[in-house]
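Fold and geometry: a report
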Amino acid sequence: MDSLTQIVLGSAVGHAILGNKVGRKAVLWGAALGTLPDLDVFIPYGGPVEAFTYHRGFSHSLLMHLLISPLIVWLILKIHTGMQAYKTRWFWLVFLCLSTHALLDSLTVYGTQLLWPFTEHPFAISNMFIVDPLYTLPLLFGVACTLLPKITSARSYKINTTMLVLSSMYLCSSLILKVIIDDKVTTALSDRQIKVNNYISTPAPLTTLLWRVVIMSDGQYYVAYASVFDEPNEVTINAYNTTTSLLDDINNDWGIKRLQWFTKGFYNVRQQQSNIILSDLRMGMECNYVFNFVVGEKTDLGVNVGNFEKISQRSNLRSMSKIWDRIWNPNVSLVTNSCSNK
């Protein structure tokens, strides 16, 4: 999830655990701990692929959180002397602020390596977009109340806890919506006789009322949009070509294998001039994917391994602005003219 959400989640959890004992100190430590796991982005992993695929690794491991929590508690009690009586609560504050960060990230499409070092598998439920105001705003309101001097500590504690419960209920509702959407899309794919090799669904940006689905098939992939208000015959499905054969000469390279593993097979391969581009289909929209890598270079002698340069694509703001309209109207198209289905 985004940094603001992780900060306010850490603050809310911290205050719920210890706010009635130590006041705003619990909020501030919760904010710091809610940010801590994402500091791994500053580690020089050695290359674009490494930075992309090792993020949310050891720093998001529940085992590491368990092991490091006593050390952080020791540090906190050194700073705040006279709080030994709350040592057990400080432990739960630290561990839960760290672990809820990782667990929340596991609800997004990219997931989290929760069980590192036993496995690098990125666990992903994919029921939340990385930014969702309906989840963040209640937490932000609850935390803000804990910082306002005119609100009593007892009242702010109650408000913050209530907002934490409400935001958690929203997470649960997104799981229910995911089941409903998957059922609709499965019916739509069956009705249209589309072969499914691999399938993933995730909320569209900023909402859980519209979902984006990627379906991998033989020699092509489909991108579907389904609103919670759609009937199966109203689900929008567009087909696109992918040329995975461009990787045949370089398929054994570590970087390519790593990207294939990390994307869980949801990737597109295309040639752009002499460059072979691999795009992660799970984040973005057609022609505007967030993560693209130059994995190869086409020459007269064949395809050589590329430099794995990360290519940024400008977001399609026009399509983004139509997301709200698509929720209510299945006739609204999110496909741009340059990306018409093939």
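One structure accompanies this document, and this report is about it. The model shown is predicted, which means the values in this text are computed figures rather than measured ones. Each residue is numbered by its place in its chain's sequence as written, counting from 1. Under the rules for a predicted model, residues below a pLDDT of 70 receive no local features and side-chain atom pairs below 80 are neither given nor counted, while totals for whole chains, interfaces and linings still include all residues. Hydrogens and water are ignored here; the side-chain numbers use all heavy atoms of the structure.

**Comments concerning the packing of aromatic side chains**
A pair of aromatic rings is counted whenever rings of Phe, Tyr or Trp (Trp by its six-membered ring) have centres within 6.5 Å, and the orientation is called stacked for planes under 30 degrees apart, edge-to-face for over 60 and tilted otherwise. One pass over the structure, following the stated rule, counts 15 aromatic pairs. The interplanar angle of 35° and the centroid separation of 5.6 Å between the aromatic rings of Tyr45 and Tyr54 together place this pair among those described as tilted. Owing to a relative accessible area of 24%, Tyr45 belongs among the partly exposed residues under this scheme. Summarising the aromatic geometry, the rings of Phe52 and Tyr110 are spaced 6.0 Å apart at their centres and angled 80° between planes, so their arrangement reads as edge-to-face. Of this pair, Phe52 sits in helix α3 (residues 48-54) while Tyr110 sits in the loop between α5 (87-105) and α6 (133-147), and the two are 58 residues apart along the sequence. With respect to class, Phe52 is no different from Tyr110; both count as buried. By way of ring pairs, the aromatic residues Phe52, Tyr110, Trp261, Phe262, Phe291 and Phe293 are connected into one cluster. Here's how the labels work: a residue is buried when its accessible area is under 20% of the maximum for its type, exposed when over 50%, partly exposed in between, all with a 1.4 Å probe on protein chains only. Put simply, DSSP H or I for four residues or longer makes a helix, DSSP E for two residues or longer makes a strand, and each gets a number counted from the N terminus.

**Digging into helix α7 (residues 153-191)**
Helix span is expected to be 1.5 Å times the residue number reduced by one. Its 39 residues place the ends of α7 57 Å apart at the C-alpha level, agreeing with the 57 Å of an ideal helix rising 1.5 Å per residue. In the segment just after α7, Gln193 is the residue with positive phi, at about 55°.

**Some details on unusual backbone geometry**
Across the chain, the bulk of peptide bonds are trans and the bulk of non-glycine residues have phi less than zero. Note that the residue after Trp116, namely Pro117, is joined by a cis bond; omega there is 10°. Among the secondary structure elements, Pro117 is positioned in the loop between α5 and α6. One non-glycine residue, Lys264, adopts positive backbone phi at about 55°. Note that Lys264 resides in the loop between α8 (254-262) and β5 (267-272). Even without being a glycine, Gln273 presents a positive backbone phi close to 60°. The residue Gln273 is located in the loop between β5 and β6 (275-280) in this model.

**Here's the deal with the packing of helix α1 (residues 3-22) against α6**
Here an axis means a line fitted to C-alpha atoms, over the contact stretch when the element is a helix, while the angle between two N-to-C directions is reported on a 0 to 180 degree scale. It is at 9 Å that the axes of α1 and α6 come closest, and there the two elements cross at 50°. Taken together, the axis directions place α1 and α6 in an arrangement best described as oblique. You can see that α1 and α6 cross each other, and the crossing is left-handed. Residues Leu4, Thr5, Val8, Leu9, Ser11, Ala12 and His15 of α1 form the contact with α6, whose participating residues are Tyr135, Thr136, Leu139, Leu140, Val143 and Thr146. Residues of the contact of α1 with α6, tallied by class, amount to 8 nonpolar, 5 polar and no charged. Any angle that is under 35 degrees is reported as roughly parallel, and any over 145 degrees as roughly antiparallel; angles of 65 to 115 degrees are reported as roughly perpendicular and all others as oblique. Handedness of each helix crossing follows the sense of rotation of the near helix against the far helix: counterclockwise by less than a right angle gives left-handed, clockwise gives right-handed. In this description, contact between two residues means that some pair of their heavy atoms is separated by no more than 4.5 Å. Polar here means any residue outside two lists: the nonpolar Ala, Val, Leu, Ile, Met, Phe, Trp, Tyr, Cys and Pro, and the charged Asp, Glu, Lys and Arg; Gly therefore counts as polar.

**Description of the pattern of salt bridges**
Here a salt bridge means any side-chain nitrogen of Lys or Arg lying within 4 Å of a carboxyl oxygen belonging to Asp or Glu. Summed over the entire model, instances satisfying the criterion amount to 5 salt bridges. With a shortest N-O distance of 3.0 Å, Arg258 and Glu120 are connected by a salt bridge. Of this pair, Arg258 sits in helix α8 while Glu120 sits in the loop between α5 and α6, and the two are 138 residues apart along the sequence. For Glu120, a relative accessible area of 29% corresponds to the partly exposed category. In this structure, Asp218 and Lys195 form a salt bridge, with 2.9 Å as the shortest nitrogen-oxygen distance. Of this pair, Asp218 sits in the loop between β2 (210-216) and β3 (220-227) while Lys195 sits in the loop between α7 and β1 (198-203), placing them 23 residues apart in sequence. The exposure class assigned to Lys195 is partly exposed, which follows from its relative accessible area of 48%.

**Examining the nonpolar core**
Note on soluble globular proteins: their nonpolar side chains tend to be buried together. With 38 residues, the main nonpolar core has Leu247, Leu259 and Val295 as its most contacted residues. Sorting the residues of this core by element identifies α3, β2, β3, α8, β5, β6, β9 (292-299) and α10 (323-328) as the ones contributing at least two each. Beyond its immediate chain neighbours, meaning those up to four positions away, Leu247 contacts Ile256, Gln260, Tyr267, Val269, Ile276, Leu278 and Val295. Take the buried residues of types Ala, Val, Leu, Ile, Met, Phe, Trp, Tyr and Cys, join any two whose side-chain atoms come within 4.5 Å, and each joined set is a nonpolar core. The next biggest cluster of nonpolar side chains, apart from the first, holds 32 residues, and it includes Val27, Met83, Trp90 and Leu171.

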